[in-house]
Structure formats: structure tokens, C-alpha cells
Amino acid sequence: MILKIVKYPEPVLSRPGEPITEFNAELRKLIDDMFETTYAEQGIGLAAPQVNVSKRLTVIDLSQGKVPEDKLVLINPEIISSEGRLYEEEGCLSFPEIREKVVRAAKVRIRAQDANGKWFEMDGDDLLARCFQHEIDHVDGMLFIFRMSALKRDLALRKIRKMQREGTW
């Protein structure tokens, strides 16, 4: 089922998600629905708060559904190390039409649980590192707009307010 993606400034986007402690059929259904929603929106990652579920869950698939083994489920994720810096453009499904460059670590190591609750660690660099950081930010209640420079953030917020007034946001 395709879920509704909430847009900024929906409050659920700005608060940390609750840790997941039950690994059951309900969680697996949410994961499946989140992947389906990600593909429908042509995204590469989606966090539970973006579908109005305040949980520490994110799904990532850089192949956008083309390579099933590339699907990643991160439950209760955390970044345990990072190195380097990249300044690249990002977008976000909760900020349609807003794309801007932000600084992220070039490489990260994450720790998370899979859909069965098993802990694992994984390294990511370049786009995967960026995606890990962006999605983990979501479950921490941090939005990419607050990683922009003050000037770029102000311009983005003005654009959002204009679209809200016009009824297109």
C-alpha cells in the first residue's frame, strides 16, 4: 500500500522517533509499504516519520527497486563513525521541489537492526553514506533543511511559504 508522505512543517518530522522493540508482522507490513511508497515517489530512501509513524525505522534502496538485494532496512540505526566531507545536492520526499547542497561525511559506519531484530554494522560511502546520514537524521528529528546554510534555508522556507499560500504545498 502506498502511504501518504507528510511534508514540512508536520510536527512528526521534527521529533525523534521511538525505538522499535517488537519485530512482528505489523512491522514487516510497514516496511513493505514504505518500500512501495519510496518506489512510487521515485525516491531512494524513506524514514517512518515521513509517513507519520514516529519510529526509528528507515528503508533505503539506491537501485530504486531494480536490484532486490540492494534493499536495506535500518531499525534503530545510529552512525558509529564517520570521515571526510562531501558537499553535494540533496532532496527529500517531505520537501518536494526543494533541492540544495549540504555537507555530509564522505564515509560512515552505521549500526542498526534488520527486520528480524538482528544487529549488524555496515559501511557506506558517497551516495550510500549521504543516504544513511539523511535517513538517520529523519529518525533523530533533524531535517536536511537545517543542514543548509542560513541563506539557502531562508530561501527554501520562503519558497515553501509561497507554495503554502498558493495551495501547492
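Below: a short report on this structure. Because the structure is predicted, anything quoted here is derived from the model rather than measured. (Residues numbered from 1 in each chain as written. Predicted model: local features only at pLDDT ≥ 70, side-chain atom pairs only at ≥ 80, totals over all residues. Heavy atoms only, no water.)

1. Regarding the side chain of serine 94
At step 1: You can see serine 94 is positioned in the loop between strand E4 (86-91) and strand E5 (99-104).
At step 2: Reaching out from serine 94, the side chain makes a polar contact with the backbone oxygen of valine 6 at a distance of 2.8 Å.
At step 3: With residues near it in sequence (within four places) discarded, serine 94 still touches Ile5, Val6, Lys7, Tyr8, Leu13, Gln50 and Trp169. (Helix = DSSP H or I, 4+ residues; strand = E, 2+ residues; numbered from the N terminus. Polar contact = N/O pair within 3.5 Å; in protein donor to acceptor, adjacent residues only side chain to side chain. Contact = heavy atoms within 4.5 Å.)

2. Some points on the sheet that holds strand E6 (residues 107-113)
At step 1: Strand order in this open sheet of 5 strands is E1-E2-E3-E6-E7, and the pairing throughout is antiparallel. In this open sheet, the two strands that pair with only one neighbour each are strand E1 (45-47) and strand E7 (119-125). The average undirected angle you get between the axes of adjacent strands in this sheet is 40°.
At step 2: The pairing of E6 with E7 spans 7 bridges and is antiparallel. Paired with valine 108 across the two strands is glycine 124, which belongs to E7.
At step 3: Seen against the sheet, helix H1 (residues 25-40) touches E1, strand E2 (57-60) and strand E3 (72-83) and runs at an angle of roughly 45° to E2. (Pairing = 2+ DSSP bridges. Axes fitted to C-alpha atoms, helices over the stretch in contact; angles between N-to-C directions.)

3. Examining the state of the cysteines
At step 1: Scanning the entire structure with this criterion turns up 0 disulfides.
At step 2: Not part of a disulfide, cysteine 92 finds its nearest cysteine sulfur in cysteine 131, a span of 10 Å.
At step 3: With a relative accessible area of 5%, cysteine 131 lands in the buried category. (Disulfide = S-S within 2.5 Å. Buried < 20%, exposed > 50% of the residue type's maximum accessible area, 1.4 Å probe, protein only.)

4. Here we look at the packing of aromatic side chains
At step 1: Going through the model one piece at a time under the given rule, you end up with 4 aromatic pairs.
At step 2: Ring geometry for tyrosine 8 versus phenylalanine 95: centroids 5.2 Å apart, planes at 25°, classification stacked. Residue tyrosine 8 is located in the segment before H1, and its partner phenylalanine 95 is located in the loop between E4 and E5; the two are separated by 87 residues in the primary sequence. Of the two residues, tyrosine 8 and phenylalanine 95, both sit in the buried class.
At step 3: Through successive ring pairs, a cluster of aromatic residues spans Tyr8, Phe95, Phe144 and Phe146. (Phe/Tyr/Trp six-rings, centres within 6.5 Å; stacked < 30°, edge-to-face > 60°.)

5. Some details on the pairing of E6
At step 1: Relative to E6, E3 runs antiparallel, the two sharing 6 bridges. Looking across to E6, one finds that serine 82 is bridged to valine 108.
At step 2: Between the antiparallel neighbours E6 and E7 lie 5 residues, among them glycine 117 with a positive phi of about 95°.

6. A word on the environment of lysine 4
At step 1: Turning to its location among the elements, lysine 4 is positioned in the segment before H1.
At step 2: Through-space distance from the C-alpha of lysine 4 to that of phenylalanine 144 is 20 Å; in sequence the pair is 140 residues apart.
At step 3: Look past the residues within four positions of lysine 4 in its chain and what remains in contact with it is Gln50 and Val51.

7. Quick look at the pattern of salt bridges
Opposite charge on two side chains permits pairing when their charged atoms draw close.
At step 1: Applying the stated rule across the entire model yields 13 salt bridges.
At step 2: Between aspartate 33 and lysine 29 there is a salt bridge; the shortest N-O distance is 2.9 Å. Of this pair, aspartate 33 and lysine 29 both sit in helix H1, 4 residues apart, which is roughly one turn of the helix.
At step 3: For lysine 29, a relative accessible area of 43% translates into the label partly exposed.
At step 4: The residue arginine 147 makes a salt bridge to aspartate 137 at a minimum N-O spacing of 2.6 Å. (Salt bridge = Lys/Arg side-chain N within 4 Å of Asp/Glu carboxyl O.)

8. Points about the environment of arginine 109
At step 1: Counting through the fold element by element, arginine 109 comes out in strand E6.
At step 2: For arginine 109, a relative accessible area of 25% gives the class partly exposed.
At step 3: Sequence separation of arginine 109 and phenylalanine 132 is 23 residues, and the distance between their C-alpha atoms is 9.1 Å.

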